[in-house]
Structure formats: structure tokens, C-alpha cells
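Survey of secondary and tertiary structure
So you can see what is in the structure, the chains are spelled out below.
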Amino acid sequence: MRGRVGSVYLAVLLASLLVASLTMCAITTAQYYARDLHEEADFRQAQLAADAALEWAVARINATNNWRASHVHNVDSSSQMLGEATMRYRLIDDDGDLADDPLDMCDLLVTARVRNATFFWRASLEPD
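Fair warning: this is a prediction, and the values are worked out from it, not measured in the lab.

This next bit is on unusual backbone geometry. With phi around 60°, Asn74 is a residue other than glycine that occupies positive phi space. Within the fold, Asn74 resides in the loop between helix H2 (67-70) and strand E1 (80-82). By relative accessible area, Asn74 is classed as partly exposed at 36%. Here Arg115, not a glycine, exhibits a phi torsion of approximately 50°, which is positive.

Below, the structure written as C-alpha cells:
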């Protein structure tokens, strides 16, 4: 009789261990899935904010008559917040000097960041 009590105890212990292991596996899987959903949402929000940042940068450039002199080549603008997104832009000139020729093309690089997600847009600005 004594041997049976020990084997029943061992069977209950192993069954409890199996249930606990399956529970931990389910919790870990749920956490991984939730983290993946949050990262996807952050990326989509950064993508939408980058679209807005492109419009914001163009509007800010158009509002400044002497924008070539007021911007420095390859230097970020001041940040702008949009919800949880941080937006900034920079102007990049091929020869490194925005103010040397008013007919130079330059590239506009906008960046939007939401937590660990970052999205970039690059556009070319052509003079009228």
C-alpha cells in the first residue's frame, strides 16, 4: 500500500508540472503576440507621421522666403511632436551648400519616430 501512495503522489506532481509548463508556454506566447502587435502599431503610426512630416516640412520651407540661408546642409530641424510621434527633417544638397545657388536641387529627408519604430521619407525639391 505504501508504494502506491508514493506513485500517486508522483503522478499528481508530474501532472501539476505539465499543467504549469503548458500555462507558462501559453503566457509567453500571448506576451510575444501582444508585443508584436504593439510594434506593428508603432510602425504604422510612424509611417503616418512621416507622411505628415513631409507635408509639414514643405509647408515650413514654403513659408520662409530665404529658406536656403536659414537651413544648414544635412542638419536636423527642431523636432515637432504629433501624438506620440517625433518628427524632424533635414535638407541635403549635393555640393554641401544650400545657399550657394538658388537653382540647386536638394533632397528633403523627413524622419518620424514612435518609440522604437522609425520611418523615413526622402523627396527631391526642385526650384521653380
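Back to the text.
Attention shifts here to the pairing of strand E4 (residues 117-125). The sheet contact formed by strand E3 (residues 106-114) and E4 spans 9 bridges and is antiparallel. Across the sheet, residue Val114 finds its bridge partner in E4, namely Ala117.

As a further point, take a negative patch on the surface. A surface patch of like charges, here negative, comprises Asp94, Asp95, Asp97 and Asp100. By secondary structure assignment, the location of Asp100 is in the loop between strand E2 (85-93) and E3.

Conventions we followed
- Residues numbered from 1 in each chain as written.
- Predicted model: local features only at pLDDT ≥ 70, side-chain atom pairs only at ≥ 80, totals over all residues.
- Heavy atoms only, no water.
- Helix = DSSP H or I, 4+ residues; strand = E, 2+ residues; numbered from the N terminus.
- Buried < 20%, exposed > 50% of the residue type's maximum accessible area, 1.4 Å probe, protein only.
- Pairing = 2+ DSSP bridges.
- Patch = residues over 30% accessible without salt bridge, like charges linked within 9 Å, V, L, I, M, F, W, Y side chains within 5 Å.
- Areas by Shrake-Rupley, 256 points an atom, 1.4 Å probe, with all protein chains shown as cover.
- Salt bridge = Lys/Arg side-chain N within 4 Å of Asp/Glu carboxyl O.
- Lys, Arg positive; Asp, Glu negative; His and termini not counted.
- Charge placed at Lys NZ, Arg CZ, Asp CG, Glu CD.

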